[in-house]
Amino acid sequence: LLVTGHRHDQEMWLPEDTGKNHMGGLTCIVTGGGGGITSEATPNPHDTKDWYGEAQYGFYDLTISKLQIDIVSINYDGKELKKTTVYPK
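Our subject in this report is the structure included herewith. (Residues numbered from 1 in each chain as written. Predicted model: local features only at pLDDT ≥ 70, side-chain atom pairs only at ≥ 80, totals over all residues. Heavy atoms only, no water.)

## Some details on the overall build of the chain
What the chain contains, in helices and strands, is zero helices and six strands. Ordered by position from N to C terminus, the α and β elements of the chain give β-β-β-β-β-β. Relative to the compact-globule value of 12 Å for 89 residues, the chain shows a C-alpha radius of gyration of 13 Å, a close match. Residue burial in the chain is summarised as follows: out of 89 residues, 33% are buried. In the chain, the proportion of contacts linking residues at least 24 apart, taken out of those at least 6 apart, comes to 43%. Accessible surface, the chain: about 5700 Å² in total, of which carbon and sulfur atoms supply 55%. The average position of the 8 basic charges and that of the 12 acidic charges among the side chains of the chain differ by 5 Å. (Helix = DSSP H or I, 4+ residues; strand = E, 2+ residues; numbered from the N terminus. Rg over C-alpha atoms; globule rule 2.2 N^0.38 Å. Buried < 20%, exposed > 50% of the residue type's maximum accessible area, 1.4 Å probe, protein only. Contact = heavy atoms within 4.5 Å. Areas by Shrake-Rupley, 256 points an atom, 1.4 Å probe, with all protein chains shown as cover. Lys, Arg positive; Asp, Glu negative; His and termini not counted. Charge placed at Lys NZ, Arg CZ, Asp CG, Glu CD.)

## Focus: a nonpolar patch on the surface
A cluster of nonpolar residues, Leu 1, Val 3, Leu 62 and Ile 64, forms a patch on the protein surface that exposes about 340 Å² of accessible area. Tracing the backbone shows Leu 62 in strand 4 (residues 58-64). Residue classification places Leu 62 among the partly exposed positions, given a relative accessible area of 32%. (Patch = residues over 30% accessible without salt bridge, like charges linked within 9 Å, V, L, I, M, F, W, Y side chains within 5 Å. Salt bridge = Lys/Arg side-chain N within 4 Å of Asp/Glu carboxyl O.)

## Overview of the nonpolar core
Met 12, Leu 14, Ile 29, Tyr 60, Ile 69, Ile 71 and Val 86 form the largest nonpolar core, which has seven residues in total. For Met 12, the residues in contact, after removing those within four places along its chain, are Asp 17, Cys 28, Ile 29, Glu 54, Tyr 60, Ile 71, Ser 73, Lys 82, Lys 83 and Thr 84. (Core = buried A, V, L, I, M, F, W, Y, C linked by side-chain atoms within 4.5 Å.)

## Here we look at the sheet that holds strand 3 (residues 28-31)
With respect to topology, three strands assemble into an open sheet ordered 1-3-2, the strand pairing being mixed. In the strand order of this sheet, the two ends are held by strand 1 (2-4) and strand 2 (10-13), each with one partner. For this sheet, the mean angle separating the axes of adjacent strands, direction not counted, is 10°. Relative to strand 3, strand 1 runs parallel, the two being bridged by three bridges. Among the inter-strand pairings, Thr 4 is bridged to a residue of strand 3, identified as Val 30. (Pairing = 2+ DSSP bridges. Axes fitted to C-alpha atoms, helices over the stretch in contact; angles between N-to-C directions.)

## Regarding the sheet that holds strand 6 (residues 80-86)
In a beta sheet, neighbouring strands are held together by backbone hydrogen bonds and run either parallel or antiparallel to one another. The strand order across the open sheet formed by three strands is 4-5-6, and the pairing between neighbours is antiparallel. Bordering the open sheet on either side are strand 4 and strand 6, each of which pairs with just one other strand. Taken over all neighbouring pairs, the strand axes of this sheet differ in orientation by 15° on average, direction set aside. As judged from the six bridges shared by strand 5 (residues 69-75) and strand 6, these two strands associate in the antiparallel manner. Considered in strand 6, the bridge of Ile 74 is made with Glu 80.

## Concerning the side chain of Thr 27
Relative to the elements of secondary structure, Thr 27 occurs in the loop between strand 2 and strand 3. Take Thr 27: its relative accessible area is 7%, and that puts it in the buried class. In this view, Thr 27 contacts Leu 1, Leu 2, Trp 13, Leu 14, Pro 15, Thr 84 and Val 86; residues no more than four positions away in its chain are not counted.

## Concerning the pattern of salt bridges
Should their charged atoms come close, side chains of opposite charge can pair. One pass over the full model with this rule turns up four salt bridges. With its nearest N and O atoms 3.9 Å apart, the salt bridge here joins Asp 47 to Lys 49.

## Observations regarding the pairing of strand 3
Bridge analysis of strand 2 against strand 3 gives four bridges, and the strand direction is antiparallel. What sits directly across from Gln 10, in strand 3, is Thr 31.

The structure is reproduced here in C-alpha cells:
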C-alpha cells in the first residue's frame, strides 16, 4: 500500500487499474482532497473529464487490522465513492 498526497484531489489506484497504475500490483491512494480553494479540476461531479481520481474534495477512511486494511474513499458530502481491501503479501 502506498499512501501519498500533495495533489489536490482523491485518487485510488487499484492493482487492476493498469491504465494508470504502473506500480506492479501495489494499491495506491492519493489523499489531497482536504478542501480549501484549490483542486486539480472542478469539483462538479457531473463534469469529471479533467479528474484523475474519484473526487476533488473528501477523505479516506482506513480500518486497519492484523489481517487486512479496508480503505473507503468518501466525498465531501459523505458519499462512499470507492472501496478496496489490502491484504499482507
